[in-house]
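# Residue-level structural notes
Below, each chain spelled out in residue letters.
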Amino acid sequence: DTEVTQTPKHLVMGMTNKKSLKCEQHMGHRAMYWYKQKAKKPPELMFVYSYEKLSINESVPSRFSPECPNSSLLNLHLHALQPEDSALYLCASSQDVWAEAFFGQGTRLTVV
Amino acid sequence: KQEVTQIPAALSVPEGENLVLNCSFTDSAIYNLQWFRQDPGKGLTSLLLIQSSQREQTSGRLNASLDKSSGRSTLYIAASQPGDSATYLCAVEGNTGKLIFGQGTTLQVKP
């Protein structure tokens, strides 16, 4: 099983809302990632968690707040987003930070 | 700063053709290189991972090669099928564990 599950698949939120994206894997992977992908662009790294600790934050605005409650779950908390934050948000996991990465199907986020 | 370039940006071929997608990177100090497939509006599917010490990897009709010293990788697709139509992304990973992606090659295989 090489599945990374993301929920919800689609999300529309207002600029004053607070919402969360969820990501789950049961492959025993110890590294988990959040990527952001704008239309017709490649994914860009936002955060890396290694062994449940934040190891990379790519200077992401504080309106995005990651959380890794345990080794199988990764959340991305959203508040006070801007319309330009609308994108496909992808979660990925790997056995370790230098191992093969497996991606979820993404959450399509629209900020209105 | 690592930069990854993919050529061509788009490719349209008739069914059955063999084709080659190219990926180049500026910093040869990589841990591995990974090829992905992405269907419109979907996530990424891992196709092949080549470790820095390896020269090539094969999976079915796909073969990926890596020449680290020249900063190049190719993805060879044999006997292309309409179901192969997608965007193909290559990504390199350095010592930080961060994947850096190329812009992708959008492939259309016509029946």
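Preceding this section is the structure that the text describes.
Now for a look at the structure at hand.

Calculation rules
- Residues numbered from 1 in each chain as written.
- Chains lettered and ligands numbered in written order.
- Predicted model: local features only at pLDDT ≥ 70, side-chain atom pairs only at ≥ 80, totals over all residues.
- Heavy atoms only, no water.
- Disulfide = S-S within 2.5 Å.
- Helix = DSSP H or I, 4+ residues; strand = E, 2+ residues; numbered from the N terminus.
- Buried < 20%, exposed > 50% of the residue type's maximum accessible area, 1.4 Å probe, protein only.
- Contact = heavy atoms within 4.5 Å.
- Buried area = accessible area lost by both parts, 1.4 Å probe.
- Salt bridge = Lys/Arg side-chain N within 4 Å of Asp/Glu carboxyl O.
- Polar contact = N/O pair within 3.5 Å; in protein donor to acceptor, adjacent residues only side chain to side chain.
- Nonpolar A, V, L, I, M, F, W, Y, C, P; charged D, E, K, R; others polar.
- Phe/Tyr/Trp six-rings, centres within 6.5 Å; stacked < 30°, edge-to-face > 60°.

### Regarding the state of the cysteines
Taken as a whole, this structure holds 2 disulfides over all chains when the rule is applied. Put simply, Cys23(B) and Cys90(B) are joined by a disulfide, and their sulfur atoms are 1.9 Å apart. Judged by the torsion about the S-S bond (70°), the Cys23(B)/Cys90(B) disulfide is right-handed. You can see Cys23(B) sitting in strand E3 (residues 19-25) and its partner Cys90(B) sitting in strand E9 (residues 86-93), a full 67 residues away along the chain. Both residues of the pair, Cys23(B) and Cys90(B), count as buried. With no disulfide of its own, Cys68(A) has Cys23(A) as its nearest cysteine by sulfur position, at a separation of 9.3 Å.

### Some words on the interface of chain B and chain A
Of the residues lining the interface, 22 residues belong to chain B; the matching set on chain A comes to 20 residues. A buried area of about 1,700 Å², summed over both sides, lies between chain B and chain A, and 53% of it is on carbon and sulfur atoms. Of all residues in chain B, the largest losses of buried area upon contact with chain A belong to Leu44(B), Lys98(B) and Phe101(B), amounting jointly to 25% of the total for that side. At the boundary of chain B with chain A, the tally comes to 1 salt bridge. With its nearest N and O atoms 2.6 Å apart, the salt bridge here joins Glu58(A) to Lys98(B). For the interface between chain B and chain A, the tally reads 7 residue pairs in polar contact (both at pLDDT 80 or more). Of all the elements in the fold, those that place two or more residues in the side of chain B that touches chain A are strand E4 (32-38), strand E5 (44-51), E9 and strand E10 (99-101) of chain B. Of all the elements, E4(B) adds the most residues to the side of chain B that touches chain A, at 4 residues. Classifying every residue of the side of chain B that touches chain A gives 7 nonpolar, 12 polar and 3 charged.

### Quick word on the packing of aromatic side chains
Evaluation of the coordinates by the stated rule reveals 8 aromatic pairs over all chains. For the pair Phe64(A) and Tyr89(A), a centre-to-centre distance of 5.9 Å together with 35° between the ring planes defines the contact as tilted. Of this pair, Phe64(A) sits in strand E7 (residues 64-70) while Tyr89(A) sits in strand E9 (residues 87-94), placing them 25 residues apart in sequence. For Phe64(A), a relative accessible area of 5% corresponds to the buried category. An angle of 40° between the planes, with centres 5.7 Å apart, marks the rings of Phe36(B) and Phe101(B) as tilted. Note that Phe36(B) is positioned in strand E4 and Phe101(B) in strand E10, a separation of 65 residues in sequence. Of the two residues, Phe36(B) and Phe101(B), both sit in the buried class. Site record: aromatic cluster; members linked through ring pairs are Tyr33(A), Tyr35(A), Phe103(A), Phe36(B) and Phe101(B).

### Brief notes about the environment of Glu84(A)
Residue and element names in this part refer to chain A. Among the structural elements, Glu84 can be located in the loop between strand E8 (73-79) and E9. Sequence separation of Glu84 and Gly28 is 56 residues, and the distance between their C-alpha atoms is 34 Å. Filtering out sequence-adjacent residues up to four positions away, Glu84 remains in contact with Lys36 and Lys38.

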